[in-house]
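Topology and contacts: notes
So you can see what is in the structure, the chains are spelled out below.
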Amino acid sequence: MESKYNYFKRDISWLSFNYRVLLEALDERLPLYERINFISIYSSNLEEFYKIRVADHKAVASGATESDEETVQSARELVEEINKEVTRQLDDRVRIYEQKILPALRKNHIIFYQDNHVEPFHQQFIKDFFREEIFPYLQPVPVSKDKIVSFLRDNRLYLAIRVYPKKEENKGEETKENIEKIAGECINERNVTDFRQPLYFVMKQPYAKVPRFIELPSREKNHYLMFTEDIIKANLNLIFPGYDVDSSYCIKISRDADILIDDSASSADLVAQLKKKVKKRKIGDVCRFVYDRAMPSEFLDFLVDAFRIQRDELVPGDKHLNLEDLRHLPNPNKSLHSLEKPKPMKLTVLDEKESIFNYVAKKDLLLYYPYHSFEHFIHFLYEAVHNPETREIMVTQYRVAENSAVINTLIAAAQNGKKVTVFVELKARFDEENNLATAEMMQAAGIKIIYSIPGLKVHAKVALIRRRGLNGEKIPSYAYISTGNFNEKTATLYADCGLFTCRKEIVADLYNLFRTLQGKEDPKFTTLLVARFNLIPELNRLIDREISLADEGKQGRIILKMNALQDPAMIDRLYEASEHGVQIDLIVRGICCLIPGQSYSRNIRVTRIVDSFLEHARIWYFGNDGSPKVFMGSPDWMRRNLYRRIEAITPVLASDLRDSLIEMLDIQLADNQKACWVDDKLQNIFKKRTPGTPAVRAQYTFYDWLNKKDN
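Presented here is an overview of the structure given in this document. (Residues numbered from 1 in each chain as written. Predicted model: local features only at pLDDT ≥ 70, side-chain atom pairs only at ≥ 80, totals over all residues. Heavy atoms only, no water.)

1. Some thoughts on the pairing of strand E17 (residues 494–501)
As a reminder of what qualifies: Buried residues are those whose accessible area, probed at 1.4 Å on protein chains only, stays under 20% of the maximum for their type, while exposed residues exceed 50% and partly exposed ones sit between those limits. Every helix listed is a DSSP run of H or I at least four residues long, and every strand listed is a run of E at least two residues long, numbered separately from the N terminus. Strands are labelled as partners when DSSP assigns at least two bridges between them.
Most of E17 is tucked away: seven of the eight residues are buried. Bridge count between strand E10 (residues 365–369) and E17: five bridges; the pairing is antiparallel. Paired with Tyr368 across the two strands is Cys497, which belongs to E17. In this sheet, E17 lies alongside strand E16 (residues 478–482) in antiparallel orientation, the contact comprising four bridges. In the strand pairing of E17, Ser482 is matched with Gly498.

2. A look at the sheet that holds strand E8 (residues 286–292)
Here is the rule we go by: Lines are fitted to the C-alpha atoms to define the axes, a helix being fitted only along its stretch in contact, and any angle between axes, read from their N-to-C directions, falls within 0 to 180 degrees. Contacts are assigned to residue pairs that have any heavy atoms within 4.5 Å of one another.
Spatially, E2-E4-E3-E7-E8-E9 is the arrangement adopted by the six strands of the open sheet, whose pairing is mixed. The open sheet has two edge strands, strand E2 (141–143) and strand E9 (314–317), and neither has a second partner. Recorded for the sheet is a direction-independent mean angle of 35° between the axes of neighbouring strands. Contacting E2, strand E3 (158–165), strand E4 (199–204), strand E7 (243–255), E8 and E9, helix H10 (residues 297–306) crosses the sheet at an angle of about 115° to E3.

3. Observations concerning the nonpolar core
Heads up, the condition is: Only buried Ala, Val, Leu, Ile, Met, Phe, Trp, Tyr and Cys residues count toward a nonpolar core, and they belong to the same one when joined by side-chain atoms within 4.5 Å.
Within the largest apolar cluster, 84 residues are counted, with the highest numbers of intra-cluster contacts made by Leu574, Leu586, Leu594, Trp620 and Trp637. At 11 residues, helix H2 (residues 32–61) tops the list of elements feeding residues into this core. Excluding its chain neighbours within four sequence positions, the residues that come into contact with Leu586 are Leu560, Leu565, Leu574, Leu594, Ile604, Arg605, Val606 and Thr607. By size, the runner-up hydrophobic cluster in this structure holds 43 residues, among which are Ile378, Val420, Ile449 and Tyr451.

Pasting the structure below:
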């Protein structure tokens, strides 16, 4: 049955979010290099988007795969719509970079060369640097339509070069010699005799050997930077002696990075598949051919034919591609300050000399990362390792940090005679190899490893410390439920929260969840909400409650904070609640397929916050007639989270912790510095500060509130 409601397209909504990331580069209140970093994040996000989402749509559009959600024609239309929007955004990205960032660098005495113009006092340095540091690593490869096509590696920068043999008659043999030297047997003999026929080459940029950005000698108070490819372009005549270098342009290929595996395979077969298939990620099908949009059409046509590129794979870019590398841009002006981000707090009540076990045995504890130090969680595990009453440690792992303190502590626990069980999700995209290597290392240390469940991903972020007294008496066990991964690196970058509790009902439910992951029983959950078990019925009951209150003339109120909202069934429930008068605020960082501003969504507002930290927490508030219910956990309201993953959500039962989460939601809704409304055209409309009201920058305001509260 067709819905009476409408929705934004998932991928077009995501592009709206990524554009909001780009807009941070315009904020002159931020330190300059922080603004530059947002251009890097925007570019990196877009690269992954093409490798996964666009690649999937292209596979459907070509007939290579089938989809229940789109036809061949709708997939083609969507790819076209995506490319059109990305091209529009590129115009703004170029404008921001050229008209805002580069002048700001120059104002701070950093001259970043962008074109062929180089000051005379640097020209000899550039020639010498090229000869000594770059030239040995360059290898031009000829391109010809009727010869074997050379392979372009995924996400690597290449220079596409067009040259003409010089006109001098007496240089014929020399020219032929040079052609053979550079191009070997691949150059067509016709081109050798007809010297004014263009010759085409591609040349991979040697960034494994040479940095992307080169610092040139300073002069007076000015510092100078240059792209490596611009140094190469300035010296192409040295690579092609005997030729007139006509032009050169940057190109790159993005390849399908999704891994198709038999999701019904056993753990052993899954491991074998992953080991084999992750190695093929770099040679996947082309999903994007990005080129300098200044490239003449006949030059582009030649490359398209030679590399057998489909027209719908063409995405115009700027002169300099792969701007995700800007995160490595040197800062030679040491007077330029970086952003003073909130520093993680260590709670005095959780001093390393004090027992977290003792504290949590008395009351629940809620930590907010990165405002609170993740070392508290490490200390929690460390205490479990050395507590003689610890019987078992059980943890899920979705994305693990390299050289992880969490993993090292679990290994120490196993070596200390504790029983340790870790569920490792092998299908965490782009972390498959790291997760597998970590799992094998833990297994070698004596840790029991449970691998992915066939047909499902386990996305829950939970830990359980099971204890028993030395004489067999019952003593408290400990549960930990988080919105973020057990990853100390991302815990400094992502805004998440984690709950420690000894409540028996939560501990029992969590133990049942781990037994389910081991395939031992069909569980019943009394307190936790677990996707694919009791989550959807409980969400419907909570929404129905708010609708009933609104129908009775009371206030129906819902606040939902999450990363993404895409599931049509749950969006329909929110539309329905709005039609009944329930007031709904959504704080959605990324994808939001719900359309505000419609007759059926007139009581729904969508807020998006992009700032220093990546908003990652999932927190749900239901007013419940003045006795609010607040939940936190791992899932977004995406189809995959609600129906195809194991997710865990806990109610926050301690009134003080519940009030703390509500305070955070209120501060985020009051943000008038970094918050946007998302309107019915997917535009990011910045919230304006009302005259006479205080400035609220939610992440920093909440940090200050926590600091005062905790101290």
